[in-house]
Amino acid sequence: MSDLDQVTLNAGEKSVVLPVIKPTLGNDCVDISKLTKETGYFTYDSGFTATASCKSAITYIDGDKGVLLYRGYPIEQLSEKSSYVEVVYLLINGERPDAAQLKAFNEELAAEATVDASINTLIGSFAKDAHPMAILTAAIAQLSGIYHASLDLADAEQRRKAAVRLIAKVPTLSALIYRHGKGLPANTPDTSLDYVSRFLKQTFEAADGSYELNQDVVKALDLLFILHADHEQNASTSTVRLVGSTGANPYASVAAGVTALWGPAHGGANEAVLKMLEEIGSADNVESAVVKAKDKTSGFRLMGFGHRVYKNFDPRAKVIGEMTGKVLKQLGVQDPLLDVAVKLEQAALQDEYFVARKLYPNVDFYSGIIYKALQIPTEMFTVMFALGRTSGWVAHWLEQQVDPEMKIGRPRQVYTGSDVRDYQG
Ligand code: ACO
């Protein structure tokens, strides 16, 4: 890319000089904010493929090189050396905590983990087979019912507290939603445990209060949450920001993010991948599945493949891919779907269609196999994603609240409807 400080756009008789914004890393951005005022033109970019919607210092992705950084730290290093709670602190505060800060943060999350009894009533009102993402959306919206009246968004400490509450309570909501689906009684989180163990125990606890924690499971889940924690301006985070830009409270904003995550083109892909692997059934059927995925008339895509930004490889998929075999071995689980997934990945990576379009496995390709090995039901997979991603959503919401350039998000359109016409008769 050339090193321009400004670009000139010629629009018929008019010409406008547009400044170029220089990021710390990544593509330079042409600032088009005065384009319409000076030329009368809007710009059109369906799906925001070339449009930055905000300035952000949280996460950086280089899709061509397969790079993902949280606050500057490579995801591979965080996956190896950090913990999810440390990553959460890093995302929302900008710097890693020292030992005392990390301890205090863990304690604050534990203290905020319990939820109001009205949440149990709400969850109980859903059918047992209602989709867990529908219940999660409602339960987070219920938090805004509980906390909205007392929340002063102009107060930085209250904003921080709301963010911590969301991160602390979403695992509790998720555990309660799981238990409701299984017909198990509601229970309370064990606040003597760490974040991930607390979630696992509340989810799987037996009627007598017992649950044997397996450190391999705790570690695997912690790593999955790190990989899911943030991914800059993806569809759900952009939704949180769009809702947040209206001045809505963070609980309402995050509830909207959950609904955006649900779709199979986004976080819902982890559920869709497992269903796809089950449908393919055996490694022998992989070839015909690849043929079908290339046929545009089939309506079938290879779920867990492709990404808007990553056009080389998804570094999260690399970490998960390496971890999947290891976790299954540690847990003594033999899953034939892993063979199907491995064969499918190999077949697609050698196929001209996928190579030419730069379609690689994404974070969701293997995560479902691990969740299944951890005995998490398929319909809960996207809830697990939401649990990890809540930290990213609130980090972006917090950042947005103090952004001096923040405006209500309000795109323009290319109107293609009828010209003005008179109402006859
Ligand atoms: N299987 C088959 N073909 C695909 C796939 C796929 N998974 N993904 C993209 N393509 C093809 C498209 O048909 C298109 O082909 P064409 O150029 O011949 O028309 C080309 O590749 C480009 O695809 P687009 O849909 O334009 O790419 P876009 O960036 O809009 O979509 C997306 C990205 C939504 C992730 C897409 O790759 C997809 O649907 N993947 C499957 C769902 C999935 O795994 N989603 C999870 C994403 S990661 C996450 O959100 C956590």
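Residues numbered from 1 in each chain as written. Predicted model: local features only at pLDDT ≥ 70, side-chain atom pairs only at ≥ 80, totals over all residues. Heavy atoms only, no water.

If you look the chain up in an unreviewed UniProt entry, it shows as Citrate synthase from Stenotrophomonas lacuserhaii. Under the Pathway (unreviewed entry) heading, UniProt states for the chain: "Carbohydrate metabolism; tricarboxylic acid cycle; isocitrate from oxaloacetate: step 1/2." Check the Catalytic activity (unreviewed entry) section of the UniProt entry for the chain; it says "oxaloacetate + acetyl-CoA + H2O = citrate + CoA + H(+)". (UniProt positions renumbered as here; feature names shortened; annotations may be inferred.)

(A) Spotlight on the environment of Arg389. Its location among the elements puts Arg389 in helix α18 (residues 381–401). Classification of Arg389 by relative accessible area gives buried; the value is 1%. Sequence separation of Arg389 and Glu352 is 37 residues, and the distance between their C-alpha atoms is 34 Å. For Arg389, the contacting residues outside a window of four places in its chain are His228, Ala229, Asp230, His231, Asn234, Ser236, Thr237, His266 and Arg316. There is a polar contact of 2.6 Å between the side chain of Arg389 and the backbone oxygen of His228. (Helix = DSSP H or I, 4+ residues; strand = E, 2+ residues; numbered from the N terminus. Buried < 20%, exposed > 50% of the residue type's maximum accessible area, 1.4 Å probe, protein only. Contact = heavy atoms within 4.5 Å. Polar contact = N/O pair within 3.5 Å; in protein donor to acceptor, adjacent residues only side chain to side chain.)

(B) Main features of helix α13 (residues 286–294). All of the buried residues in α13 are Val286, Ala289, Val290 and Ala293. On an axial view of α13, the arc spanned by its buried residues comes to 100°, and they lie on one face. With respect to the buried face of α13, the exposed residues turned more than 90 degrees away are Glu287 and Val291. Taken together, the buried residues of α13 touch α12 (269–280), α15 (336–349) and α16 (352–356). (Arc of directions from axis to C-beta.)

(C) Up close: the nonpolar core. Ranked by size, the top nonpolar core spans 109 residues in total, and within it Leu136, Leu221 and Met276 carry the most contacts. Residues in contact with Leu136, not counting those within four places in the same chain, are Val170, Leu173, Ser174, Ile177, Val258, Val383 and Ala386. (Core = buried A, V, L, I, M, F, W, Y, C linked by side-chain atoms within 4.5 Å.)

(D) Structural context of the UniProt feature "active site" (unreviewed entry) in the chain. Taking the numbering used here, the UniProt-annotated feature "active site" (unreviewed entry) corresponds to His307 and Asp364. These annotated residues cover 58 residues of sequence, and their C-alpha atoms lie no more than 10.6 Å from one another, placing them together at a single site. Along the chain, His307 turns up in the loop between α13 and α14 (315–330). Setting aside residues up to four positions removed in sequence, His307 forms contacts with His231 and Arg316. A polar side-chain atom of His307 sits 3.2 Å from the main-chain amide nitrogen of Tyr310. Mapped onto the secondary structure, Asp364 falls in helix α17 (residues 364–373). Contacts of Asp364, omitting those with residues within four sequence positions, involve His228, His266, Gly267, Ala269, Asn270, Val273 and Phe385.

(E) Molecular detail of the side chain of Thr172. By the element assignment, Thr172 lies in helix α7 (residues 156–182). Discounting residues that sit within four places of it in the chain, Thr172 has contacts with Ala113, Val115, Pro189 and Gln202.

(F) Geometry of the sheet that holds strand β6 (residues 73–74). Strands sit in the order β4-β5-β6 across an open sheet of three strands; the sheet is antiparallel. Where the open sheet ends on each side, the last strands, each with one partner, are β4 (59–62) and β6. One ladder, built from four bridges, connects β4 with strand β5 (residues 67–70); its direction is antiparallel. Bridge pairing links Thr59 to Tyr70 in β5. (Pairing = 2+ DSSP bridges.)

(G) The pattern of salt bridges, seen in detail. For the coordinates displayed, the defined rule picks out 19 salt bridges. Here Glu112 makes a salt bridge to Lys161, at a shortest N to O gap of 3.6 Å. Of this pair, Glu112 sits in the loop between α4 (99–111) and α5 (117–124) while Lys161 sits in helix α7; the two residues are 49 residues apart in sequence, bridging distant segments of the chain. What makes Glu112 buried here is its relative accessible area of 13%. Across the pair Asp351 and Lys294 runs a salt bridge, and its minimum N-O distance is 2.9 Å. With Asp351 in the loop between α15 and α16 and Lys294 in helix α13, this pair connects stretches of sequence that are 57 residues apart. Classification of Asp351 as buried rests on a relative accessible area of 14%. By relative accessible area, which is 31% here, Lys294 ends up partly exposed. (Salt bridge = Lys/Arg side-chain N within 4 Å of Asp/Glu carboxyl O.)

(H) Structural context of unusual backbone geometry. Although it is not a glycine, Phe48 sits at a positive phi angle of roughly 50°. Relative to the helices and strands, Phe48 is located in the loop between α1 (35–39) and β4.

(I) Representation of helix α3 (residues 84–93) in the model. Of all 10 residues in α3, nine are buried; the element is thus mostly enclosed. Buried within α3 we find Tyr84, Val85, Glu86, Val87, Val88, Tyr89, Leu90, Leu91 and Ile92. Two residues or fewer after α3 comes Gly94, characterised by a positive phi angle close to 95°.

(J) Region of the structure containing the pairing of strand β2 (residues 14–21). Pairing between strand β1 (residues 6–11) and β2: six bridges, direction antiparallel. Considered in β2, the bridge of Leu9 is made with Val16. Between β1 and the antiparallel strand that follows it, β2, lie two residues; Gly12 among them carries a positive phi value of about 65°.

(K) Structural view of the site of the ligand. Inspection of the region around the ligand gives 21 residues, with Lys296, Arg301, Leu302, Gly304 and Arg308 positioned closest. Separating an oxygen atom of the ligand from a backbone N or O atom of Gly304 is a distance of 2.8 Å. One of the side-chain N or O atoms of Arg308 is found 2.8 Å from an oxygen atom in the ligand. The fraction of the free accessible surface of the ligand (930 Å²) that becomes covered by protein chains is 74%. Split by residue class, the shell around the ligand holds 11 nonpolar, five polar and five charged. (Near = heavy atom within 4 Å. Areas by Shrake-Rupley, 256 points an atom, 1.4 Å probe, with all protein chains shown as cover. Nonpolar A, V, L, I, M, F, W, Y, C, P; charged D, E, K, R; others polar.)

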